[in-house]
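Fold and geometry: a report
Residues per chain are reported as follows:
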Amino acid sequence: MTDLTSMRISYTRAELRRRDLNADPLAQFQTWFDEALAADLPEPYAMQVATANAAGRPSLRTVLLRGATPEGLTFYTNFESHKGLDLAANPQAEFLFYWAELERQVRAFGSIARVPDAEADHYFHVRPFESQLAAHASDPQSAPIQNREALEAKFAALHERFPEGTTIPRPQFWGGYRLSVQEWEFWQGRPNRMHDRFRYTRDGAGWRLDRLMP
Ligand SMILES: Cc1cc2nc3c(=O)[nH]c(=O)nc-3n(C[C@H](O)[C@H](O)[C@H](O)COP(=O)(O)O)c2cc1C
């Protein structure tokens, strides 16, 4: 393995002060997200989702953020997947965005609930036709499959059943999860590992804001 011990960069792009932060963390997230979009980052809406099962075993994967509202942060997946089983046993999660080019990281922790059926139906049908087929084909997500051919045969059989232009029903096993955020953290890299970190925690109807040691 390559010697990694001297590979590092110094973070010099920006700083983060309390007075820069919005009192509402969702508004703060929107500001940083807009900056990530404006910077043309590849898929700034891709995030890591950490879950844990009942025994405390952690697991992590990347998904696409599909909405951020006062109700929470939403992504879509298969309810029978590894993450789906974790969330059935332990409905809390942490989301992480790392925007390397901006030297920024955002973390959100909270409890998870499924999005209402009508909303999931709507999102399912605005996805490309092939993605709708793939949602059906890829079940149970995270289970072993013999080979690529078996997966493609499943996709082809579904395509025959649902020709282009027909309405594909949303599978019962596929839908959205929404994180009701109880804690946010905004991290800005600084030189010499003296980074800026601020954490929002729920405080009655508002939020408490603390600077954290880097
Ligand atoms: C950039 C990117 C975006 C992804 N978006 C999703 C997504 O929105 N939903 C999803 O179920 N899987 C998505 N995946 C695949 C997941 O990372 C993961 O492999 C899959 O959901 C199974 O995870 P699990 O076995 O932990 O449940 C994405 C992967 C990448 C790299």
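Here, every reference points to the structure presented above.
Conventions used here
Residues numbered from 1 in each chain as written. Predicted model: local features only at pLDDT ≥ 70, side-chain atom pairs only at ≥ 80, totals over all residues. Helix = DSSP H or I, 4+ residues; strand = E, 2+ residues; numbered from the N terminus. Contact = placed C-beta atoms within 7 Å. Near = placed C-beta within 6 Å. Buried ≥ 20, exposed ≤ 12 C-beta atoms within 10 Å, placed from the backbone. Axes fitted to C-alpha atoms, helices over the stretch in contact; angles between N-to-C directions. Parallel < 35°, antiparallel > 145°, perpendicular 65-115°, else oblique. Left-handed = near helix turned anticlockwise from the far one by under 90°. Nonpolar A, V, L, I, M, F, W, Y, C, P; charged D, E, K, R; others polar. Pairing = 2+ DSSP bridges. Arc of directions from axis to C-beta.

A closer look at the overall build of the protein
The helix and strand inventory of the protein stands at 5 helices and 9 strands. Counting from the amino terminus, helix and strand elements in the protein follow one another as α-β-β-β-β-α-β-β-α-α-α-β-β-β. C-alpha extents for the protein along the principal axes are approximately 60 × 50 × 40 Å. Long-range pairs, those at least 24 residues apart, make up 61% of the contacts in the protein with a sequence separation of at least 6.

Here we look at the site of the ligand
Around the ligand there are 16 residues in total, and T77, S81, H82, K83 and S142 lie nearest to it. Mapped onto the shell around the ligand, the elements with two or more residues apiece are strand 2 (58-64), strand 4 (72-78) and helix 2 (82-89). Of the residues forming the shell around the ligand, the biggest block, 5 residues, is contributed by strand 2.

As for unusual backbone geometry
Note the cis peptide between D139 and P140, where omega equals -5°. Considering the arrangement of structural elements, one finds P140 in the loop between helix 4 (129-137) and helix 5 (148-161). In the Ramachandran plot, E43 falls in the positive-phi region, its phi being about 45° despite a non-glycine side chain. Judged by the 10 C-beta atoms lying within 10 Å of it, E43 is exposed.

Quick look at the packing of helix 4 against helix 5
At their nearest, the axes of helix 4 and helix 5 sit 9 Å apart, and the two run at 120° to each other. One element, helix 4, and the other, helix 5, form an angle in the oblique class. Pair helix 4 / helix 5 crosses with right-handed handedness. Here L133, A134, H136 and A137 of helix 4 come into contact with helix 5, specifically with L151, K154, F155, L158 and H159. Broken down by class, the residue content of the contact of helix 4 with helix 5 amounts to 6 nonpolar, 2 polar and 1 charged.

What to know about the pairing of strand 7 (residues 174-188)
Buried residues dominate strand 7, accounting for 11 of its 15 residues. Here strand 4 runs beside strand 7; their pairing, made up of 6 bridges, is antiparallel. Among the inter-strand pairings, F75 is bridged to a residue of strand 7, identified as Y177.

Some points on the environment of S6
Of note, S6 is situated in the segment before helix 1 (25-38). With 5 C-beta atoms counted inside 10 Å, the residue S6 sits in the exposed group.

Focus on helix 4
Since the α-helix advances by 3.6 residues per turn, residues separated by three or four positions end up pointing in the same direction. Every buried residue of helix 4 is listed here: Q132, L133, A135 and H136. End-on view of helix 4: buried residues confined to an arc of 155°, all on one side of the axis. Facing away from the buried side of helix 4 by more than 90 degrees, the exposed set consists of E130 and S131. Here the buried face of helix 4 lies against helix 3 (117-126), helix 5 and strand 7.

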